[in-house]
Amino acid sequence: MENKAHIVKRVMPGSIGEELEIAAGDRLVAIDGMEVEDVFDYQFMIQDTYIELLLEKPDGEQWLLEVDKDCDEDLGLEFESGLMDEYRHCHNKCVFCFIDQMPPGMRDTLYFKDDDSRLSFLQGNYVTLTNMSDHDIDRICRYRLSPINISFHAMNPELRCRMLNNRFAGEALKKVDRLMEADIHMNGQIVLCKGLNDGKELEYSIRELMKYIPNLESVSVVPVGLTKYREGLYPLEPFDGEEAAAVIDMIEGFQRECFAEFGIHFVHASDEWYILAGRELPEAERYDGYLQLENGVGMLRLMMDEFEEEMARRKKKDGFPDFRPRRELSIATGKLAFPYIRRMARRLEESCPGLRILVYPITNFFFGELITVSGLLTGQDLLAQLRGKALGQCLLLPENVLRSGEDVFLDDCRLPELESALQVPINIVKSSGKDFVESILAAGMQACAESEA
């Protein structure tokens, strides 16, 4: 069957592809007489100094092109699919799956469940191994695709089968041994569900996963995300503060043990546990270089430390602007990060005369109040809770509220629509503490300039 993912989308100017008169719409059929399975095959095959490309033009005409080039020189071709293959759908029915808890009527792409080891390498996605064949393992080892991110959840095979609703889920754990033997590096995650894989089961899982150190470089433990759309799904309950403290105590005990034996802390509790338990975040050194940021492990600590570094740098070198008589800005964020955003805002106010920063925590009514991260806020919740509030000369929002590279919220509300409805300019703030300081000061200076104009 014709693979549409092999169709050329773009040819880079000045590239070998342009010189060979390859054009958008052409389809790559083979390299050196061999079928190209995906982007990893493609990148591996084009490394030679001499290759033969078989292409098919839109009218069906086939071209055999001989290419002499430098080793590892790229052809300058961009394909319709970055993976050059179809994305693999997840075949599990995990009791904690967030996509199963999504409301109806959202865009189709939000309901796609991927479980593709190739995306683990390319984009950092986590895979369960249940969708991975021996052929896939062979290719990972052959191409040295590393690190691979694995959703373990439980190391008790029987429990893992129950949690993933897949009778092969326990057996799939044996694939980790093959990755270990091939010296493939890995990271892991455990989505913790109350009454299922916590307590003694969590202790057992961590102990088993320690056997894969140093190839398994880190494991994050994150609390299950629960929306209000769980009718007919497995009954799960949120953790309370006391239970969160017990999880932290267990993990920190393992951290001390791992650091003493291996020189790494290895297992990490996500930021949510510390906030839920009312405890201070660990110091930066405990995060082993922040290997699990995408799982919310250390994001707040990193942001706070970057903020303090930038504040100290400005105090020593540039100083802080004077906004007197008065400039007012506003920030909206999820309830999880709110205390930290407010703390940073107060520090900036103290350093900048005349600057006032209003910080609003947004409750997630769209998904349910148990969802507290800013990345799952919607335009409609922002509008409903900010309408009529004092927003000052500018409203700042974290960049993760928008779809990557676009101005669209999860509910398909667009940024200009929200800006128009609230009647205030909106600036998007990147995630680092340094960007936070720069964005606030830039918005304040812009407000000054506009008032003087």
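Reading the values: rules and limits
- Residues numbered from 1 in each chain as written.
- Predicted model: local features only at pLDDT ≥ 70, side-chain atom pairs only at ≥ 80, totals over all residues.
- Heavy atoms only, no water.
- Disulfide = S-S within 2.5 Å.
- Pairing = 2+ DSSP bridges.
- Helix = DSSP H or I, 4+ residues; strand = E, 2+ residues; numbered from the N terminus.
- Axes fitted to C-alpha atoms, helices over the stretch in contact; angles between N-to-C directions.
- Salt bridge = Lys/Arg side-chain N within 4 Å of Asp/Glu carboxyl O.
- Buried < 20%, exposed > 50% of the residue type's maximum accessible area, 1.4 Å probe, protein only.
- Polar contact = N/O pair within 3.5 Å; in protein donor to acceptor, adjacent residues only side chain to side chain.
- Parallel < 35°, antiparallel > 145°, perpendicular 65-115°, else oblique.
- Left-handed = near helix turned anticlockwise from the far one by under 90°.
- Contact = heavy atoms within 4.5 Å.
- Nonpolar A, V, L, I, M, F, W, Y, C, P; charged D, E, K, R; others polar.

Under the criterion given, the structure shown has zero disulfides. Between Cys97, a cysteine without a disulfide, and Cys94, which holds the nearest cysteine sulfur, the sulfur-to-sulfur distance is 6.2 Å.

One open sheet holds the four strands; their spatial order is β12-β11-β13-β14, and the pairing between them is parallel. Edge positions in the sheet fall to β12 (355-362) and β14 (426-429), since each of these pairs with one other strand and no more. Neighbour-to-neighbour, the strand axes of the sheet open up by a mean angle of 25°, direction not taken into account. Sheet topology places strand β13 (residues 394-398) next to β14; four bridges connect them, and they run parallel.

This part takes up the pattern of salt bridges. All told, the structure shown has 28 salt bridges when counted by the stated rule. Between Arg27 and Glu56 there is a salt bridge, with its nearest N and O atoms 3.4 Å apart. Residue Arg27 is found in strand β2 (residues 27-31), and its partner Glu56 is found in strand β3 (residues 50-56); the two are separated by 29 residues along the sequence. For the pair Arg27 and Glu56, one class covers both residues: buried. The shortest N-O distance in the salt bridge between Arg286 and Glu252 comes to 2.6 Å. Remark: Glu252 occurs in helix α8 (residues 241-262) and Arg286 occurs in the loop between α9 (271-277) and α10 (299-316); sequence separation between them is 34 residues. Using a relative accessible area of 18% as the deciding quantity, one classes Glu252 as buried. Sharing partners across several salt bridges, the network here consists of Glu37, Asp41 and Arg139.

So, about unusual backbone geometry. Between Ile213 and the following residue, Pro214, the backbone shows a cis peptide bond with an omega angle of 10°. Following the sequence through the fold, Pro214 ends up in the loop between α7 (200-209) and β9 (216-223). Cis peptide bonds are those with omega within 30 degrees of zero, and the linkage from Arg324 to Pro325 qualifies with 15°. Here Pro325 is to be found in the loop between α10 and β11 (327-334). One non-glycine residue, Asp288, lies in the positive phi region at around 55°. Tracing the sequence through the fold places Asp288 in the loop between α9 and α10. For Asp288, a relative accessible area of 21% puts it in the partly exposed group. The phi dihedral of Gln423 is positive, around 55°, even though this residue is not glycine. Considering the arrangement of structural elements, one finds Gln423 in the loop between α13 (415-422) and β14.

Residue classification places Glu56 among the buried positions, given a relative accessible area of 17%. A distance of 3.3 Å separates the side chain of Glu56 from the side chain of Gln62, its partner in a polar contact.

A few words on the sheet that holds strand β4 (residues 62-68). The strands making up a sheet are joined through hydrogen bonds of the backbone, oriented either antiparallel or parallel. Pairing in this open sheet of three strands is antiparallel, and the strands run β2-β3-β4 from one edge to the other. Either end of the sheet is taken by a strand with one partner, and the two such strands are β2 and β4. Across the sheet, the mean angle separating the axes of adjacent strands is 30° when strand polarity is ignored. Here β3 pairs with β4 via seven bridges, running antiparallel. Its bridge partner lying in β4, Leu54 is registered against Leu64.

Following the sequence through the fold, Asp41 ends up in helix α2 (residues 39-45). When the C-alpha atoms of Asp41 and Ile31 are compared, they prove to be 9.5 Å apart, with ten residues separating the residues in sequence. A polar contact of 2.4 Å, which involves the side chain of Asp41, links it to the side chain of Tyr143.

What follows covers the packing of α7 against α8. Viewed as axis vectors pointing N to C, α7 and α8 meet at an angle of 20°, and their least axial separation amounts to 11 Å. Between α7 and α8, the crossing angle belongs to the class labelled roughly parallel. α8 is crossed by α7, and the crossing has right-handed handedness. Each of Leu202, Glu203, Ile206 and Arg207 in α7 lies in contact with α8, whose residues at this interface are Met250, Phe254 and Glu257.

Our focus in this paragraph is the packing of α10 against helix α11 (residues 338-351). One can describe the packing of α10 onto α11 by two numbers: an axis separation of 11 Å at closest approach and a directional angle of 5°. Here α10 is positioned roughly parallel relative to α11, judged by the angle of their axes. Residues Leu300, Met303, Met304, Phe307, Glu308 and Met311 of α10 form the contact with α11, whose own contacting residues are Tyr340, Ile341, Arg343, Met344, Arg347, Leu348 and Ser351. Here the residues of the contact of α10 with α11 sort into nine nonpolar, one polar and three charged.

Right, let's talk about the environment of Leu164 for a bit. Here Leu164 lies in helix α5 (residues 157-164). Judged by its relative accessible area of 0%, Leu164 falls in the buried class. Remark: the alpha-carbon pair of Leu164 and Met304, spanning 140 residues in sequence, is separated by 36 Å. Setting aside its immediate chain neighbours within four residues, Leu164 contacts Asn92, Lys93, Cys94, Thr128, Thr130, His153 and Ala169.

Interpretation in functional terms is not warranted from these geometric data alone.
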